[in-house]
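Chain by chain, the residues run as shown.
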Amino acid sequence: MAGPLEQALAVMVLTFHKYSAKQGDKFKLSKAELKELLIKELPSFESKQMDDAEFQKIMNDLDINKDNEVDFQEFASFLGCVAMGFNEFFKEHRQKQLCKK
Ligand SMILES: [Ca+2]
């Protein structure tokens, strides 16, 4: 039985491959695949309201080696940034809770 963190890591890998295998290079996310992943798997990321220019900016930021695809390494960096965002949110929330006491 895997621990919750191991499960979370497996979900990260499996989610990437679920979308990367859809078209073209099976181990990289195209722009369309990345968009679908963001909309379906990270709905609180506001990807639904994102217009094409905003989405293109995210794609450009993530595509570090500029091959117009997002490989797992680039995706993992992105998840790291999202996790850091969650951590900041958690810290602020904790801070407010501790101040109330
Ligand atoms: Ca790339």
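These remarks concern the structure in this document.

What counts, and at which threshold
- Residues numbered from 1 in each chain as written.
- Predicted model: local features only at pLDDT ≥ 70, side-chain atom pairs only at ≥ 80, totals over all residues.
- Heavy atoms only, no water.
- Helix = DSSP H or I, 4+ residues; strand = E, 2+ residues; numbered from the N terminus.
- Buried < 20%, exposed > 50% of the residue type's maximum accessible area, 1.4 Å probe, protein only.
- Contact = heavy atoms within 4.5 Å.
- Core = buried A, V, L, I, M, F, W, Y, C linked by side-chain atoms within 4.5 Å.

**Digging into the overall build of the protein chain**
Next up, step 1: The helix and strand inventory of the protein chain stands at four helices and two strands.
Next up, step 2: When its helices and strands are written in sequence order, the protein chain yields α-β-α-α-β-α.
Next up, step 3: When the backbone C-alpha atoms are referred to their principal axes, the protein chain occupies close to 55 × 40 × 25 Å.
Next up, step 4: Taken across its 101 residues, the protein chain has 26% of its residues classed as buried.
Next up, step 5: Considering only contacts in the protein chain between residues 6 or more positions apart, those separated by 24 or more positions represent 39%.

**Some remarks on the environment of C99**
Next up, step 1: Within the secondary structure, C99 sits in helix α4 (residues 72–100).
Next up, step 2: By relative accessible area, which is 60% here, C99 ends up exposed.
Next up, step 3: Along the backbone, C99 and S44 are 55 residues apart, and their C-alpha atoms lie at a distance of 27 Å.

**Observations concerning the nonpolar core**
Next up, step 1: Ranked by size, the top nonpolar core spans 17 residues in total, and within it L29, L34, L38, L62, V70, F75 and F78 carry the most contacts.
Next up, step 2: Elements with a contribution of two residues or more to this core: α1 (4–20), α2 (31–41), α3 (52–62) and α4.

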